[in-house]
Amino acid sequence: MKRITQITLTLLLAVICSVQAFADDVEFRASAPSQVIVGKPFQLTYSINQRAKDLRAPEFADFDYLAGPYTSQSSSTSFVNGKRTSTFTQTYTYTLMATKEGTFTLAPATITSDGQQYTSNGVRITVLPADEQPANNQTAQRSNSESAQTSNSAGAQTSSDNIFIRTIVTKTKVHEQEAILLSYKLYFAGVDVAQFTNNTKLPEFTGFLKQELEQGEIQTELEHYNGRNYQTAVLYRTLLYPQHSGDIKIDPASFEAVLRVQTRSQVRSIFDDFFGSYTNVTKVLTAPGATIHVDALPAGKPVSFSGGVGKFTMASSISSTDLKTNEAVTIKIDIKGTGNMKLLKTPAIDWPEGFEAYDPKVTNNFKTTASGVTGTKEIEYLAIPRASGDYVIPAVKYSYFDTQDNTYKTLTTPEYSLHITKGAGDSENTQAVVQNFVNKEDITQFGSDIRYIHTNSSLSEASSFSAASPLITFGSLEYWLCYLIPFVLAVILLVIFRKQIKENADAARVRYKKANKVAQKRLKTAKKLMVENNKSAFYEEIERAALSYLSDRLAIPTADLSKDTIAGILRSKGISNELIAQVTDVLSTAEFARYAPSADEQMQTLYDRTTEIINTLENQKL
């Protein structure tokens, strides 16, 4: 009896779980267009994947109720690998019409299935105004024009009023390195677009660093523009970072769209007369250019400013403040925010003397959004104290230009006080030895380095032989020739190579003369990497080629290399602002592409631009 009771309870529990699982699988959803037009009907649909009844729809206070609900049911069964799968959908459809423009929200509906009530989602609908009606005379002119063009209806349907592309930029006045979102948006009405784009020609975006945003599948939506409602689609989006001040022009772009247009120019059958015939028409659409006014970053840059533009925060942490010698200490710094994240320089920590520091480990976690690159730059520093004592790790300062407040701001980490005790094997004078390790001399084994001179009778014999029979007699011709010949050869070589020796003594001039040769060698390597499609190594080699050439030609120490220094020296040597802008743009593009895997700068284009600039500078008197 007890066994039967257990089985009954188990079955009952299984049934309850099945019912609960069944209930969890019930989906009751509401759907409607996100955008509608005043005076045009649209459909609101409620669907549930189980048989249900007693639908209670919300009040349609902001819409005219035209018809419904119309009820329909659909079901399907499929067998996959011997497993039977069934689906069922019950649908309720209302026809509504908006009476005024604005944004409205329809409350959720409820329905009952198997005695349990379910609630749908709410629906948010934006109502756009109706198309503006043209004046009577314009209507008549348009009617006459359309009548006159009956034989060429394809051209009328594809006019610039019915389909065009806008160039949309989020800002037309920005600071250097401030992100701009540029979009090319297609507008069309009364036109059947079979294919959004075919051949696309984008501008070079000279003067900008660009980073394209992932497009995904092109979606269309309604937009009321200039008194008319259009279907719109964003064809291309990219972030632009201006690299120099002044007015930077963006050239027009062109797109090809394939349109499906109806024509009745020649009726071939009764079906053509009834349904109409269609043809595909390719139309070239030109997006206008734009001009961006770029302001230079204001004066008074902090010492710790390294080019960051945007909005950032900084936090730090340390692994431990109490250590022993030869134990590693780790400091982590996280820089978060939105801006030119991929161009942020890694700040340096001024470790105290006696610490063995290693190169920092940098982890970038970035995401590209319409407002710019956002994310976190995680930097991990590691050092090993070699001497005991109390030390202070100075605060790390990081400055950036805040595009919201238009001011420089400085982020600071706290100071860290470290107490280092002696570890295993530490001697009394460890600290002094570490502080003076450069001048340290190991003399503990000096005695073992002494080697005694052994006398040998054969040495005396050799000496006596040499004295008894000299090979060259003092004062003889052979004796003087041994001195004269090397002297004459030295004079000849000095005369021949005097100019070269003089030039080689000037290291800067040697680098100046070899600058082009070194650059061409690096460009040859870059071309090989381009053929191998090794993007990261290619951009790095291109950047090195340009920087090493400019360093050698302008006699700039490697440690002082920067775009501002290069531009200043070129300007002082009378180089045109246009050529200086091209040099700065190539350096910025290579640097950005090197650290931005998603950047889409074509390697061949950058290679040609770098080669052209080096050849141009080679012909200049620097």
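Scroll up for the structure.
Q: Tell me about the overall build of the protein chain, residues and numbers included.
A: Along its length, the protein chain carries 12 helices and 32 strands. Relative to its full complement of 622 residues, the protein chain shows a buried share of 35%. Of all intrachain contacts in the protein chain linking residues separated by at least 6 positions in sequence, the fraction that spans at least 24 positions is 71%. Surface summary for the protein chain: the accessible area is close to 38100 Å², and the carbon and sulfur share equals 51%.

Q: Any chance you could break down the nonpolar core for me, citing the residues and the numbers?
A: Core analysis: the largest hydrophobic core is formed by 34 residues, its most contacted members being Ile335, Trp351 and Leu418. For this core, the secondary-structure elements that each account for two or more residues are strand S18 (228-242), strand S23 (305-318), strand S25 (329-339), strand S28 (372-385), strand S29 (389-393), strand S30 (397-402) and strand S32 (416-421). With 32 residues, the next largest nonpolar core counts Phe538, Leu587, Ala590 and Ala593 among its residues.

Q: Help me get a handle on the sheet that holds strand S7 (residues 102-106), residues and values and all.
A: As summarised here, the arrangement of the 3 strands in space is S2-S10-S7, forming an open sheet in which the pairing is mixed. In this open sheet, the two edge strands, each paired with only one partner strand, are strand S2 (35-37) and S7. Put simply, the sheet's adjacent strands are angled 30° from each other on average, direction ignored. Where S2 and strand S10 (residues 123-128) come together, 3 bridges link them in parallel fashion. Paired with Val36 across the strands is Val127, a residue of S10.

Q: If you had to explain the side chain of Thr610 to someone new, which residues and values would you point to?
A: Its location among the elements puts Thr610 in helix H12 (residues 603-618). In this structure Thr610 touches Leu523, Ile542, Ala546 and Val586, once residues within four positions along its chain are discounted.

Q: Give me the lowdown on the sheet that holds strand S8 (residues 110-113), citing residues and values where you can.
A: On the basis of which strands lie adjacent, the open sheet formed by 3 strands has the order S4-S8-S9 and antiparallel pairing. Each of the sheet's edge strands pairs with one partner strand only, and the pair in question is strand S4 (53-56) and strand S9 (116-119). Mean inter-strand twist for the sheet, computed between neighbouring axes without regard to direction, equals 20°. As paired elements, S4 and S8 share 2 bridges and run antiparallel to each other. Of the residues in S8, the one forming a bridge with Lys53 is Thr112.

Q: Kindly report on the environment of Gly300, identifying the contributing residues and their values.
A: The topology assignment puts Gly300 in the loop between strand S22 (290-295) and S23. In this structure Gly300 comes out as exposed when scored by relative accessible area, which is 62%. Sequence separation between Gly300 and Tyr408 is 108 residues, and the spatial gap between their C-alpha atoms is 8.4 Å.

Q: I'd like to hear about helix H10 (residues 563-572), residue by residue, with values.
A: Every buried residue of H10 is accounted for by Ile566, Ala567 and Leu570. Looking straight down H10, one finds that the buried residues subtend no more than 95° of arc, so they occupy a single side. Every exposed residue of H10 that faces more than 90 degrees away from the buried side is listed here: Asp564 and Ser572. One or two positions beyond H10, positive phi appears at Gly574, with a value near 85°.

Q: Give a description of the environment of Tyr549 that names residues and reports values.
A: Positionally, Tyr549 belongs in helix H9 (residues 535-554). Classification of Tyr549 by relative accessible area gives buried; the value is 1%. Residues Tyr549 and Arg522, 27 residues apart in the sequence, show an inter-C-alpha distance of 9.8 Å.

Q: If you had to explain the side chain of Thr611 to someone new, which residues and values would you point to?
A: Relative to the assigned elements, Thr611 resides in helix H12. For Thr611, a relative accessible area of 18% puts it in the buried group. A distance of 2.9 Å separates a polar side-chain atom of Thr611 from the backbone oxygen of Tyr607.

Q: Account for the packing of H9 against H10, with residues named and values stated.
A: Where H9 contacts H10, the axes come no closer than 11 Å and their chain directions differ by 45°. Overall, the two elements H9 and H10 adopt an arrangement that is oblique. With respect to the hand of their crossing, H9 and H10 are arranged in left-handed fashion. Contacts between H9 and H10 involve Leu547, Leu550 and Leu554 on the former and, on the latter, Ile566, Ile569 and Leu570.

Q: Could you give an account of the pattern of salt bridges, with specific residues and numbers?
A: Applying the stated rule across the entire model yields 14 salt bridges. Across the salt bridge formed by Lys409 and Asp402, the nearest N and O atoms sit 3.1 Å from each other. For Lys409, a relative accessible area of 25% corresponds to the partly exposed category. The exposure class assigned to Asp402 is buried, which follows from its relative accessible area of 0%. When the shortest N-O distance is used, the salt bridge between Glu540 and Arg544 registers 2.7 Å. With Glu540 and Arg544 both in helix H9 and 4 residues apart, this pair spans about one turn of that helix. Residue classification places Arg544 among the partly exposed residues on the basis of a relative accessible area of 42%. When salt bridges that share partners are traced, they join Lys311, Asp402, Asp405 and Lys409 into one network.

Q: Can you lay out the packing of H9 against H12 for me, pointing to particular residues and giving the numbers?
A: Interhelical geometry of H9 versus H12 gives an angle of 10° and a closest axis separation of 11 Å. When the axis of H9 is compared with that of H12, the two are roughly parallel. Between H9 and H12, the contacting residues are Lys535, Phe538, Tyr539, Ile542, Ala545, Ala546, Tyr549, Leu550 and Arg553 on the first element and Met603, Leu606, Tyr607, Thr610, Ile614, Leu617 and Glu618 on the second. For the contact of H9 with H12, the residue count by class is 12 nonpolar, 1 polar and 3 charged.

Q: I'd like a description of the packing of aromatic side chains, backed by residues and values.
A: With the rule as written, the count across this model stands at 20 aromatic pairs. Aromatic side chains Phe355 and Tyr391 sit 5.1 Å apart centroid to centroid with 85° between the ring planes, which places their arrangement in the edge-to-face category. Of this pair, Phe355 sits in strand S26 (residues 355-357) while Tyr391 sits in strand S29, and the two are 36 residues apart along the sequence. For the pair Phe355 and Tyr391, one class covers both residues: buried. Plain terms: the ring middles of Phe538 and Tyr539 are 5.3 Å apart, the flat faces sit at 65° to each other, and that makes the pair edge-to-face.

Thresholds applied
Residues numbered from 1 in each chain as written. Predicted model: local features only at pLDDT ≥ 70, side-chain atom pairs only at ≥ 80, totals over all residues. Heavy atoms only, no water. Helix = DSSP H or I, 4+ residues; strand = E, 2+ residues; numbered from the N terminus. Buried < 20%, exposed > 50% of the residue type's maximum accessible area, 1.4 Å probe, protein only. Contact = heavy atoms within 4.5 Å. Areas by Shrake-Rupley, 256 points an atom, 1.4 Å probe, with all protein chains shown as cover. Core = buried A, V, L, I, M, F, W, Y, C linked by side-chain atoms within 4.5 Å. Pairing = 2+ DSSP bridges. Axes fitted to C-alpha atoms, helices over the stretch in contact; angles between N-to-C directions. Arc of directions from axis to C-beta. Polar contact = N/O pair within 3.5 Å; in protein donor to acceptor, adjacent residues only side chain to side chain. Parallel < 35°, antiparallel > 145°, perpendicular 65-115°, else oblique. Left-handed = near helix turned anticlockwise from the far one by under 90°. Salt bridge = Lys/Arg side-chain N within 4 Å of Asp/Glu carboxyl O. Nonpolar A, V, L, I, M, F, W, Y, C, P; charged D, E, K, R; others polar. Phe/Tyr/Trp six-rings, centres within 6.5 Å; stacked < 30°, edge-to-face > 60°.

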